[in-house]
Amino acid sequence: MARTCPSQNTEGVDQTSFWSSGNLNWDEHRIGWAIAGGCTALTVLISLVSVLQHCRNYNKPNEQRQVLRVLYMPPVYAIISFFSYRFFRSYTYYSLAESGWAVTLSAFLLLLIEYVADTASDHDATKALERKGKRALPIPFCCWRYRPTKAYFMYTVKWSVLQYVIIRPACSIAGIICEAFDVLCESGPYSIHFASVYLEAIDFVILVSVALYGLLLFYGLTKDELQGRRPLAKFLAIKLIVMFTFYQSFLISALEGYVIQPTQYWTATNIADGLNALAICIEMVFFSLLMMWAYTWNEYRVEDAPKTRIWRPLWDSINYTDFAVEILGSLKFFFIPRGKSPNRLLDAEINDNNIDNSNNYKKMDFDQAFGIEGSKSKYPRPAKASSDEEIGLAEFPYSDLRHADSASPVSR
């Protein structure tokens, strides 16, 4: 027997026009439409004020470019949710587009790294961790211990978050393709015969869990250095959005067919999707206010300093080349073998400081692991000669020494 996904939409007439015969017809759908649109506009306005204030006080670009990326989260969620409510028959495509919040988690990690580097002496992040010894991992892996100063650990923490920037959008693209071929069945029952169960398992069980665990691990490691920067409030502003949207969607989906019943023009899935989208639009108003408080521009305001232009900060916030550099650096650490380089081109690209005398790669330090090598001097001091090295002296003829002595007033 062929397995088909239940239809998400009805074949009835879709009365989507807000105006009816020149008069306003205030049914439930249109009331929700007005509320969703008003809340979305308010969220965009609040976030715009916060973004523009950061742009006008753009005094720490390395930190504030990450802050701006985080501040985009509520308006993006609100706008996508409004369109998914307005065009409810294409709800699945819009919900898959919300994967953009993957950038927010990675931006938050890079922001924490900048905070740690800023609190250390000489802007050297290694000073903040050099006294941290071996310790246990957080729950549920507390039976294992780790050493924070090891390069492999630092790369692993960073990659645990950065992987979401790559894999989560890839899962969304796969979901859009599956929906186009009617094999996703996001609104139907969980079944191994449809793609939604696999994509959601990969997304929440693996990707989100690994990314959030990496953030919690780094926060627990550096919480002493982050005092005064309200990292917990900043993290909760992101985490609460993720929690609310996920569990809210799960709860509303569970009510389909029991509390939520179909009508003439909408299936139970249409109504559930609309309720979820409407709730997100309302919630983003409060989350935008929370973001404005947690990521306040007052931290970067300098008295009597001239205001900065807004175009460079906006460009920095949408220029993701720093993400590409971080991802490539992590991949290079994990996948380049520790022995000899596989080709001469790679040998030429790798700096001699990363290769020891036996032609093997040295382990990278903390600065290299987190891509902040610029905090150190570009030209290292020359190494001191060891005591057993042979010291060569220039030739000094004995005859020249005799002439010098005879001409010296001391010898007379």
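Per-chain numbering applies: the sequence of each chain, read as written, is numbered from 1 onward. In keeping with the predicted nature of the model, local features appear solely for residues at pLDDT of at least 70, side-chain atom pairs appear and are counted solely at 80 or more, and the whole-chain, interface and lining totals rest on all residues. Heavy atoms throughout the structure, all of them, feed into the side-chain values; hydrogens and water do not.

Scanning the protein chain from terminus to terminus reveals 15 helices and four strands. Residue burial in the protein chain is summarised as follows: out of 412 residues, 43% are buried. Contacts between residues were defined by any pair of non-hydrogen atoms, one from each residue, lying within 4.5 Å. Counted over contacts in the protein chain with a minimum sequence separation of 6, partners at least 24 positions apart contribute 74%. In these tables, accessible area is a Shrake-Rupley quantity obtained with a 1.4 Å probe, and a residue counts as shielded only by the protein chains included in the view. Summed over its atoms, the accessible surface of the protein chain is roughly 23800 Å², and 61% of this surface lies on carbon and sulfur atoms. A run of H or I in DSSP counts as a helix once it spans at least four residues, and a run of E counts as a strand once it spans at least two, with each numbered from the N terminus. Any residue under 20% of the maximum accessible area for its type is buried, any over 50% is exposed, and the rest in between are partly exposed; the area is computed with a 1.4 Å probe on protein chains only.

Attention shifts here to the packing of aromatic side chains. Only Phe, Tyr and Trp rings take part, Trp by its six-membered ring, and two of them pair if their centres are within 6.5 Å. Stacked means planes under 30 degrees apart, edge-to-face means over 60, and tilted covers everything else. In this structure the tally under the stated criterion is nine aromatic pairs. Note on Phe141 and Trp144: the rings are 6.1 Å apart at their centroids and 55° apart in plane angle, and the pair reads as tilted. Overall, Trp144 belongs to the exposed group, its relative accessible area being 54%. Here the aromatic cluster, defined as three or more aromatic residues joined through ring pairs, consists of Phe82, Phe83, Phe87 and Tyr94. A cation sits over an aromatic face here: Lys234 above Tyr295, 5.6 Å from the ring centre. The rule for a charge over a ring is simple: NZ of Lys or CZ of Arg within 6 Å of the ring centre, and within 35 degrees of the ring normal.

Turning our attention to helix H11 (residues 311-318). The complete set of buried residues in H11 reads Pro313, Asp316 and Ser317. End-on view of H11: buried residues confined to an arc of 100°, all on one side of the axis. The exposed residues of H11 that point more than 90 degrees off its buried face are Trp311, Arg312 and Trp315. Tucked inside the fold, the buried residues of H11 contact helix H1 (28-56) and helix H2 (61-71). Note: the arc covers the axis-to-C-beta directions of the helix.

Turning next to the side chain of Arg69. Locating Arg69 in the fold gives a position in helix H2. Beyond its immediate sequence surroundings of up to four residues, Arg69 is in contact with Thr104, Ala107, Asp316, Ser317, Asn319, Tyr320, Asp322 and Phe323.

Before going further, it helps to examine the side chain of Thr40. Assignment of secondary structure puts Thr40 in helix H1. Overall, Thr40 belongs to the buried group, its relative accessible area being 8%. Any pair of nitrogen or oxygen atoms within 3.5 Å is treated as a polar contact; in protein, a donor-acceptor pairing is required on top of that, and neighbouring residues in sequence qualify only through side-chain atoms on both sides. At a separation of 2.7 Å, a polar atom in the side chain of Thr40 contacts the main-chain carbonyl oxygen of Ala36. Once residues lying within four places of it in the same chain are set aside, the contact partners of Thr40 are Ala78, Ile79, Phe82 and Cys281.

Attention now moves to the UniProt feature "transmembrane region" (unreviewed entry) in the protein chain. UniProt positions are given in the numbering used here, feature names are shortened, and annotations may be inferred rather than shown by experiment. In this numbering, the UniProt entry assigns the feature "transmembrane region" (unreviewed entry) to residues 31-55, 67-88, 100-117, 155-177, 197-220, 232-255 and 275-297. Span residues 31-55 is 100% helix and 0% strand, its end C-alpha atoms 36 Å apart. Annotated as 96% helix and 0% strand, the span residues 232-255 places its first and last C-alpha atoms 33 Å apart.

Before going further, it helps to spend a moment on the pattern of salt bridges. Where side chains of opposite charge bring their charged atoms close, a pairing between them can arise. Each salt bridge in this description consists of a side-chain nitrogen of Lys or Arg and a carboxyl oxygen of Asp or Glu lying within 4 Å of one another. Using the criterion set out here, one finds eight salt bridges in the structure. Arg168 is the partner of Asp203 in a salt bridge, and the nearest nitrogen-oxygen pair spans 3.1 Å. Pair noted here: Asp203 is in helix H8 (residues 196-222) and Arg168 is in helix H7 (residues 151-180), with a separation of 35 residues, a long-range link. By relative accessible area, Asp203 is classed as buried at 17%.

Here the nonpolar core consists of buried residues drawn from Ala, Val, Leu, Ile, Met, Phe, Trp, Tyr and Cys, with membership extended through side-chain atoms lying within 4.5 Å. Residues Leu215, Ile238, Met291 and Tyr295 are the most contacted members of the largest nonpolar core, which totals 60 residues. Of all elements in the fold, only H1, H2, helix H3 (73-86), helix H5 (102-119), H7, H8, helix H9 (231-254) and helix H10 (268-294) reach the threshold of two or more residues within this core. Ranked by residues supplied to this core, first place goes to H5 with 12 residues. Those residues in contact with Leu215 that lie beyond four places of it in its chain are Leu105, Phe108, Leu109, Val161 and Phe235. Listed in part, the 11 residues of the second largest apolar core include Trp33, Cys39, Leu278 and Val285.

Once that is clear, we can look at a positive patch on the surface. What makes a patch is a set of residues exposed beyond 30% relative accessible area and free of salt bridges, joined within 9 Å when like-charged and within 5 Å when nonpolar (Val, Leu, Ile, Met, Phe, Trp, Tyr). A residue counts as positive if it is Lys or Arg and as negative if it is Asp or Glu; His and the chain ends are not included. For this purpose, a charge sits on NZ of Lys, CZ of Arg, CG of Asp or CD of Glu. On the surface, Arg56, Arg301, Lys307 and Arg309 cluster together to form a positively charged patch. Topologically, Arg56 is positioned in helix H1.

Attention shifts here to H8. Think of an α-helix as turning once every 3.6 residues; residues three or four places apart then point the same way. Expected helix span is given by 1.5 Å per residue-to-residue step, counting one fewer step than there are residues. Along its 27 residues, H8 runs 37 Å from first to last C-alpha, staying within 8% of the 39 Å computed at 1.5 Å per residue. Taken as a whole, H8 carries its principal kink of about 30° at Val208. At any given residue, the bend is defined as the angle formed between two axes, one fitted to the seven residues that end at that position and one fitted to the seven that begin there.

Further remarks concern the packing of H1 against H3. Lines fitted to C-alpha atoms define the axes, with helix axes restricted to the stretch in contact, and inter-axis angles between N-to-C directions lie between 0 and 180 degrees. The interhelical angle for the contact between H1 and H3, taken along N-to-C directions, is 160°, at an axis separation of 9 Å. The angle between the axes of H1 and H3 places the two elements in the roughly antiparallel class. The chirality of how H1 crosses H3 is left-handed. Taken together, the residues of H3 that come into contact with H1 (itself represented by Glu28, His29, Gly32, Trp33, Ala36, Gly37, Thr40, Thr43, Val44 and Ser47) are Pro74, Pro75, Ala78, Ile79, Phe82, Tyr85 and Arg86. Orientation labels follow simple angle bins: below 35 degrees gives roughly parallel, above 145 gives roughly antiparallel, 65 to 115 gives roughly perpendicular, and whatever is left gives oblique. Crossing chirality is assigned from the near helix's rotation relative to the far helix, an anticlockwise turn below a right angle marking it left-handed and a clockwise turn marking it right-handed.

Cis geometry marks the peptide bond from Ile139 to Pro140; its omega dihedral reads 15°. With respect to the helices, strands and loops of the structure, Pro140 is situated in the loop between strand E3 (135-136) and strand E4 (145-146). Notably, Arg230 is not glycine yet its phi reads approximately 50°, a positive angle. On the secondary structure map, Arg230 appears in the loop between H8 and H9. Residue classification places Arg230 among the partly exposed positions, given a relative accessible area of 28%.

When pLDDT is averaged along the protein chain, the result is 75, and 70% of the positions lie at 70 or above. Note on residues 339-361: pLDDT under 50 across the span, and 29 contacts to partners over four residues away in sequence or across chains. Residue-level confidence of the predictor, termed pLDDT, takes values from 0 up to 100. Taken as a whole, residues 363-396 scores under 50 in pLDDT and shows 41 contacts with residues more than four places along the chain or in a different chain.

Glancing now at the environment of Arg312. Relative to the elements of secondary structure, Arg312 occurs in helix H11. Measuring from C-alpha to C-alpha, the distance between Arg312 and Tyr58 comes to 9.0 Å, with 254 residues separating the pair along the chain. The contacts of Arg312, once residues within four sequence positions are left out, are Tyr58 and Pro61.

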